[in-house]
Amino acid sequence: MSGQGKSDFIVLEGPDGSGKSTQARLLAEKLAAQGRECLLVREPGGTALGERVREILLDKAETGMDARGELFLFLACRAQLVAEVIRPALARGAVVLSDRFMLSTLVYQGIAGGLPLAEIREAGRIATGGLAPELTLVLDVPAEIGLSRRPGAQDRIEMKGVEFHRRVREGYLSLAREDSSARVIDGARPLAEVEKSVWELAHAVLC
Ligand code: TYD
């Protein structure tokens, strides 16, 4: 927990349709079966306020959203989630699994969306108070596979098109190389194989 020693904070990341929400749920179930208190949260959302802001962020009718306005809405959700849910849970010794965190913002709003990474890092530090995960698992899938796993109704971010989502995938791979907490997992393999990799890596870092 950034400057405060080791914490059981794990983040699952990856492009839309990478399977991370399923893997986060499976990991949470396994930890619970071992008797660990485990809290699974998702971003944007995870609090009453965050879920309301999530509706705005994903609403297809919001066609003119300014890139910096969008950034601050994602960060507002995160600030609330960290203060209301994540820090108290870590403080009482629970494992916290978050479906997305800062890396999503760096990739979607930064590398794919065009905002400077340094600005996002600075604003992100203010939103989170410097909280950082012990482990970030990046499920890697090609954009086409990810988007094809999500046929039908697309939200405002999924609608940004395949080129945007290619940049998202490349962004994850390049930022994961610089992030000492990040491990990349091939998410295109069968679910049970991905589940095994997630478990091995997560189990190795938990207190
Ligand atoms: P969600 O339905 O949770 O997508 P997924 O199930 O793939 O996680 O919607 C979240 C969308 O918001 C997703 O397209 C990624 C995007 N996003 C950002 O652009 N920036 C962020 O900081 C976060 C947390 C999510």
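No experiment lies behind these values; they were computed from the predicted model shown.

Conventions adopted
Residues numbered from 1 in each chain as written. Predicted model: local features only at pLDDT ≥ 70, side-chain atom pairs only at ≥ 80, totals over all residues. Heavy atoms only, no water. Pairing = 2+ DSSP bridges. Helix = DSSP H or I, 4+ residues; strand = E, 2+ residues; numbered from the N terminus. Axes fitted to C-alpha atoms, helices over the stretch in contact; angles between N-to-C directions. Contact = heavy atoms within 4.5 Å. Parallel < 35°, antiparallel > 145°, perpendicular 65-115°, else oblique. Left-handed = near helix turned anticlockwise from the far one by under 90°. Nonpolar A, V, L, I, M, F, W, Y, C, P; charged D, E, K, R; others polar.

(A) Structural view of the sheet that holds strand E3 (residues 95–99). Spatial ordering of the open sheet is given by E2-E3-E1-E4-E5, a layout of five strands whose pairing is parallel. Looking at which strands have only one partner, the edges of the open sheet turn out to be strand E2 (38–42) and strand E5 (182–186). Between one strand axis and the next, the sheet turns through 20° on average, direction left out of account. In this sheet, E5 lies alongside strand E4 (residues 135–140) in parallel orientation, the contact comprising five bridges. Residue pairing for E5: Leu-137 is matched across the bridge by Arg-183. Running over the sheet, helix H8 (residues 191–205) touches strand E1 (9–13), E4 and E5 and is turned about 165° from E4.

(B) Expanded view of the packing of helix H1 (residues 20–33) against H8. Where H1 meets H8, the closest approach of the two axes is 10 Å, and the angle between their N-to-C directions is 55°. Relative to H8, the element H1 is oriented oblique. Pair H1 / H8 crosses with right-handed handedness. Touching Thr-22, Gln-23, Leu-26, Leu-27, Lys-30 and Leu-31 of H1 are Leu-191, Val-194, Glu-195, Val-198, Trp-199 and Ala-202, all from H8. Of the residues that constitute the contact of H1 with H8, the class distribution is eight nonpolar, two polar and two charged.

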